[in-house]
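Listed here are the chains, written in short residue letters.
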Amino acid sequence: MSDKHTPIPFRLAGLAALAALVLMGRAAWAQEPAPPADDDELRALIDEAGTADDHDGANLVTVFKRTRVDVEDSGLGHIHNHELIKCLSEKGAAQLARLRLDFDPASNFVEVRSLRILRADGTVEDLPLDRFVDLPQPQHAIYWGAQMKLVPLPRLQVGDAVEFSTYMKGFLIAYLDEMTGDGGGSGDGAADGDERYIPPMRGHFYDIVYFHDHHPVKLRHYEVRLPRNKPLQFEVHNGEVRSYVSHDADHMVYRFWKSDQPAFHGEPRAVDFPDVATKVVMATVPDWPE
């Protein structure tokens, strides 16, 4: 028996490599957590999130946070968030006495689409959305004019969960420049009045996605859908993140997710959260210097 390897024709080798990539893609797709289809699946996820004893005495746990971003040719991003947070202790219930959503009116617009409480006893409370009020954010040193949407929540008990969904358009990266729009249409797909929400580097999209929080996170999932002529460059920092890339005739779709993240705990004299938390940095620009 010869110890020499029989050479594989290039074409067959290429087909074998392609088949391996297809199988790897299917495996990644199979492992990607699917969104809950109904309230029964939501309840199952809440139960699977466990108790404080399962999370080193944590007061809250994010059962999931899912983000879907649809990017226009102008670079304008339409951001859909769906989040479910469970109370694990009385202290956690007190921390969720109100819901706060931060935004900057100079560069993004936020709208709450749904808000409800899934009680541990099986009841569901749909909360009116007109109770949200816009207030200035507490600020220090640099005064951006940032605001927050704030709404009080009914008293929660251990085991209750708060589910909410929001829509945002715009971008979240600050610029030391005057951010004012002319109120007119963009001429490249953005609706009238959306000019102020298009990033200053027009035609490009960029974001930074964090996968940790100050309490445990069972699932953080992020999906961005872009025109096919805007491929995304991305890098993962401070850990590992699963990803999957697909496409159709007109779009590229990138998905990132990470499961079972413990709470982030800062330390005295340590670097800031953004420098050590697991994150994906992404942009459609041709290179990082640009």
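Structural data are supplied above this passage.
The following paragraphs examine the structure supplied in this document. Here the structure is a predicted model, which means the values were calculated and not measured.

Rules used in this analysis
Residues numbered from 1 in each chain as written. Predicted model: local features only at pLDDT ≥ 70, side-chain atom pairs only at ≥ 80, totals over all residues. Heavy atoms only, no water. Helix = DSSP H or I, 4+ residues; strand = E, 2+ residues; numbered from the N terminus. Buried < 20%, exposed > 50% of the residue type's maximum accessible area, 1.4 Å probe, protein only. Contact = heavy atoms within 4.5 Å. Pairing = 2+ DSSP bridges. Axes fitted to C-alpha atoms, helices over the stretch in contact; angles between N-to-C directions. Arc of directions from axis to C-beta. Polar contact = N/O pair within 3.5 Å; in protein donor to acceptor, adjacent residues only side chain to side chain. Core = buried A, V, L, I, M, F, W, Y, C linked by side-chain atoms within 4.5 Å. Salt bridge = Lys/Arg side-chain N within 4 Å of Asp/Glu carboxyl O. Phe/Tyr/Trp six-rings, centres within 6.5 Å; stacked < 30°, edge-to-face > 60°. Lys NZ or Arg CZ within 6 Å of the ring centre and 35° of its normal.

**Some points on the side chain of Gln137**
And then number 1: Mapped onto the elements of the fold, Gln137 is located in the loop between strand 6 (133-136) and strand 7 (147-152).
And then number 2: For Gln137, a relative accessible area of 16% gives the class buried.
And then number 3: Filtering out sequence-adjacent residues up to four positions away, Gln137 remains in contact with Arg100, Asp102, Phe103, Ala146, Gln147 and Met148.

**Some points on the sheet that holds strand 3 (residues 98-103)**
And then number 1: Spatially, three strands are ordered 3-7-6 in an open sheet, and the strand pairing comes out antiparallel. The outermost strands of the open sheet, each flanked by one partner alone, are strand 3 and strand 6. Each neighbouring strand pair of the sheet contributes to a mean axis angle of 30 degrees, computed without reference to strand direction.
And then number 2: Of the pairings in the sheet, the one linking strand 3 to strand 7 comprises six bridges and is antiparallel in character. From the neighbouring strand, Leu99 faces strand 7, where its bridge partner is Val151.

**A look at helix 2 (residues 39-48)**
And then number 1: Residues Leu42, Arg43 and Ile46 constitute the buried set of helix 2. Viewed end-on, helix 2 has its buried residues packed into an arc of 100 degrees, placing them on one side of the element. Residues Asp40, Asp47 and Glu48 are exposed on helix 2 and point more than 90 degrees away from its buried face.
And then number 2: Buried residues along helix 2 sit in contact with strand 1 (60-71), strand 2 (77-87), strand 4 (108-118), strand 5 (124-126) and strand 8 (161-170).
And then number 3: Capping the start of helix 2, Asp38 holds a side-chain oxygen 3.2 Å from the backbone nitrogen of Asp40, two or three residues further along.
And then number 4: The positive-phi residue at the C-terminal boundary of helix 2 is Gly50, with phi of around 80 degrees.

**Things to note about the nonpolar core**
And then number 1: Grouped together as the largest cluster of nonpolar side chains are 19 residues, with contacts concentrated most on Phe205, Tyr222, Val224, Phe256 and Met282.
And then number 2: For this core, the secondary structure elements donating two or more residues are strand 1, strand 10 (217-227), strand 13 (251-261) and strand 14 (279-283).
And then number 3: Residues within four places of Val224 in sequence aside, it is in contact with Val69, Val71, Phe205, Leu232, Met252, Val253, Tyr254 and Met282.
And then number 4: By size, the runner-up hydrophobic cluster in this structure holds 17 residues, among which are Leu60, Leu101, Val112 and Phe132.

**Observations concerning the pattern of salt bridges**
And then number 1: What the rule picks out here adds up to 16 salt bridges.
And then number 2: Between Arg113 and Glu111 there is a salt bridge, and its shortest N-O distance comes to 2.5 Å.
And then number 3: For the salt bridge of Glu195 with Arg202, the shortest nitrogen-to-oxygen distance reads 2.8 Å.
And then number 4: Note on Glu195: relative accessible area 18%, which makes it buried.
And then number 5: Residue classification places Arg202 among the partly exposed positions, given a relative accessible area of 36%.

**Points about the packing of aromatic side chains**
Two aromatic rings are characterised by how far apart their centres lie and by the angle between their planes.
And then number 1: Applying the stated criterion across every chain yields a total of four aromatic pairs.
And then number 2: Relative to Tyr254, the ring of Phe234 lies with its centre 6.2 Å away and its plane at 75 degrees, an arrangement referred to as edge-to-face. In this pair, Phe234 is assigned in strand 11 (residues 233-237) and Tyr254 in strand 13, connecting sequence segments 20 residues apart.
And then number 3: For Phe234, a relative accessible area of 30% corresponds to the partly exposed category.
And then number 4: Residue classification places Tyr254 among the buried residues on the basis of a relative accessible area of 5%.
And then number 5: An angle of 85 degrees between the planes, with centres 4.9 Å apart, marks the rings of Phe264 and Phe273 as edge-to-face.
And then number 6: Here a set of aromatic residues connected by ring pairs shows up, and it is made of Tyr210, Phe264 and Phe273.
And then number 7: Stacked on the ring of Phe109, the Lys or Arg Lys169 has its end atom at 5.5 Å from the ring centre.

**Details of the sheet that holds strand 11**
And then number 1: With antiparallel pairing, the three strands of this open sheet are ordered in space as 9-14-11. For this open sheet the edge positions go to strand 9 (206-210) and strand 11, each flanked by a neighbour on one side alone. Along the sheet, successive strands turn relative to each other by an average axial angle of 10 degrees, direction set aside.
And then number 2: As judged from the five bridges shared by strand 9 and strand 14, these two strands associate in the antiparallel manner. The partner of Asp207 across the bridge, within strand 14, is Met282.

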